[in-house]
Amino acid sequence: LVRGTLEVTKQNKREAFVVISSERKIFVRDPDMARAIHGDEVAVDVLPRSEWSAPIGRRYLIPSTNSEGNEDNFTIDVPMDFVIETGAIVGVIREGRQRRSYVATISGDVEYSLEHGIEYVLAVPMDIRVPKITIRTRQLKNVADYFTESCCMIQQDN
């Protein structure tokens, strides 16, 4: 196991790198992120070389012919030159998002809990590296117009 900081790529939120040092980065795919988000300090297990992969940005679509001779199917070919050290996050050591603010829009969908009169709305951050945030409120009627017409600043604390 190695320890590093998770950096989710801006191009694809399903791909990230765990930065171990200035010379070493380990590639991590979405299923192997273990609920860690951008900026978290994580422990990562390096996968065997046979399971190493390449970021989507380094893959090429290769046309393949179907039974009728038409080139309308595509396969993803990963040149072995681009396959990089890949790992799976096994745990979050320290969250790196204490008291961080996000600009987000609020989804129009509202869930309502009859038990306690609490409503839930979904905040979608403008930064794709940050997952959607569920907000619990009892004052949705007071701020609903503000939420649906503009962006808002959300401060997340633990």
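That block above? That's the structure.
Thresholds applied
Residues numbered from 1 in each chain as written. Predicted model: local features only at pLDDT ≥ 70, side-chain atom pairs only at ≥ 80, totals over all residues. Heavy atoms only, no water. Salt bridge = Lys/Arg side-chain N within 4 Å of Asp/Glu carboxyl O. Buried < 20%, exposed > 50% of the residue type's maximum accessible area, 1.4 Å probe, protein only. Phe/Tyr/Trp six-rings, centres within 6.5 Å; stacked < 30°, edge-to-face > 60°. Helix = DSSP H or I, 4+ residues; strand = E, 2+ residues; numbered from the N terminus. Pairing = 2+ DSSP bridges. Axes fitted to C-alpha atoms, helices over the stretch in contact; angles between N-to-C directions. Core = buried A, V, L, I, M, F, W, Y, C linked by side-chain atoms within 4.5 Å. Contact = heavy atoms within 4.5 Å. Patch = residues over 30% accessible without salt bridge, like charges linked within 9 Å, V, L, I, M, F, W, Y side chains within 5 Å. Areas by Shrake-Rupley, 256 points an atom, 1.4 Å probe, with all protein chains shown as cover.

Trainee: Before we go on, may I ask you to explain the pattern of salt bridges in this structure?
Mentor: Side-chain pairs of opposite charge can arise whenever the charged atoms involved come near each other. Tallying each qualifying case throughout the model produces 6 salt bridges. The shortest N-O distance in the salt bridge between D127 and R129 comes to 3.0 Å. A residue is classified by how much of its surface remains accessible, and D127, at 29% relative accessible area, is partly exposed. What makes R129 buried here is its relative accessible area of 19%. Where salt bridges share partners, they join R3, E41 and R94 into one cluster.

Trainee: What's the story with the packing of aromatic side chains in this structure? I'm lost.
Mentor: Between two aromatic rings, the relevant description is the distance of the centres plus the angle of the planes. Counting across every chain of the model gives 1 aromatic pair. Consider the rings of F17 and F27, whose centres lie 5.6 Å apart with planes at 55 degrees: the pair is tilted. On the criterion of sequence distance, the pair formed by F17 in strand β2 (residues 15–19) and F27 in strand β3 (residues 25–29) is long-range, its members being 10 residues apart. With respect to class, F17 is no different from F27; both count as buried.

Trainee: Any chance you could explain the pairing of β3 here in plain terms?
Mentor: As a general feature of sheets, a regular strand has side chains that alternate between the two faces. Direction of pairing for β2 relative to β3: antiparallel, over a ladder of 5 bridges. Of the residues in β3, the one forming a bridge with A16 is V28. Between the end of β2 and the start of β3, which pair antiparallel, lie 5 residues.

Trainee: Teacher, can you tell me more about the sheet that holds strand β4 (residues 41–46) here?
Mentor: The strands making up a sheet associate through hydrogen bonds between their backbones, and the pairing can be parallel or antiparallel. Ordered by their spatial adjacency, 5 strands build an open sheet running β3-β2-β1-β4-β7, and the pairing between neighbours is antiparallel. Because the sheet does not close on itself, it has two edges, and the strands there are β3 and β7 (87–94). Neighbour-to-neighbour, the strand axes of this sheet turn through a mean angle of 40 degrees, independent of strand direction. Of the strand pairs in this sheet, strand β1 (residues 2–8) and β2 are connected by 4 bridges, and their pairing is antiparallel.

Trainee: It is not clear to me how the nonpolar core should be interpreted in this structure. Could you clarify?
Mentor: A general feature of soluble globular proteins is that nonpolar side chains tend to end up buried together. Listed in full, the 12 residues of the largest apolar core are V2, L6, V8, A16, V18, I26, V28, M33, A36, V42, V44 and I89. The greatest single-element share of this core, amounting to 3 residues, is contributed by β1. Every residue in contact with V8, bar those within four places of it in the chain, is listed here: K13, E15, A16, H38 and R129. Core analysis: the next-biggest nonpolar cluster, separate from the first, contains 10 residues, Y102, I106, A123 and C152 among them.

Trainee: Please clarify how the environment of F17 should be interpreted in this entry.
Mentor: C-alpha of F17 to C-alpha of T5: the two residues are 12 residues apart in sequence and 8.1 Å apart in space. Each residue touching F17, except ones within four places of it in the same chain, is listed here: T5, L6, E7, T9, K25, I26, F27, P55 and I84.

Trainee: Just to check I follow, could you spell out a nonpolar patch on the surface for this structure?
Mentor: A cluster of nonpolar residues, V103, M126 and M153, forms a patch on the protein surface that exposes about 310 Å² of accessible area. With respect to the helices and strands, M153 occurs in strand β11 (residues 152–156). Among the residues examined, M153 registers a relative accessible area of 57% and is labelled exposed.

Trainee: Would you take a moment to explain unusual backbone geometry for this structure?
Mentor: Peptide bonds are mostly trans, and most non-glycine residues show a negative phi. Of note in this structure, A34 is not a glycine but carries a positive phi near 50 degrees. Of note, A34 is situated in the loop between β3 and β4.

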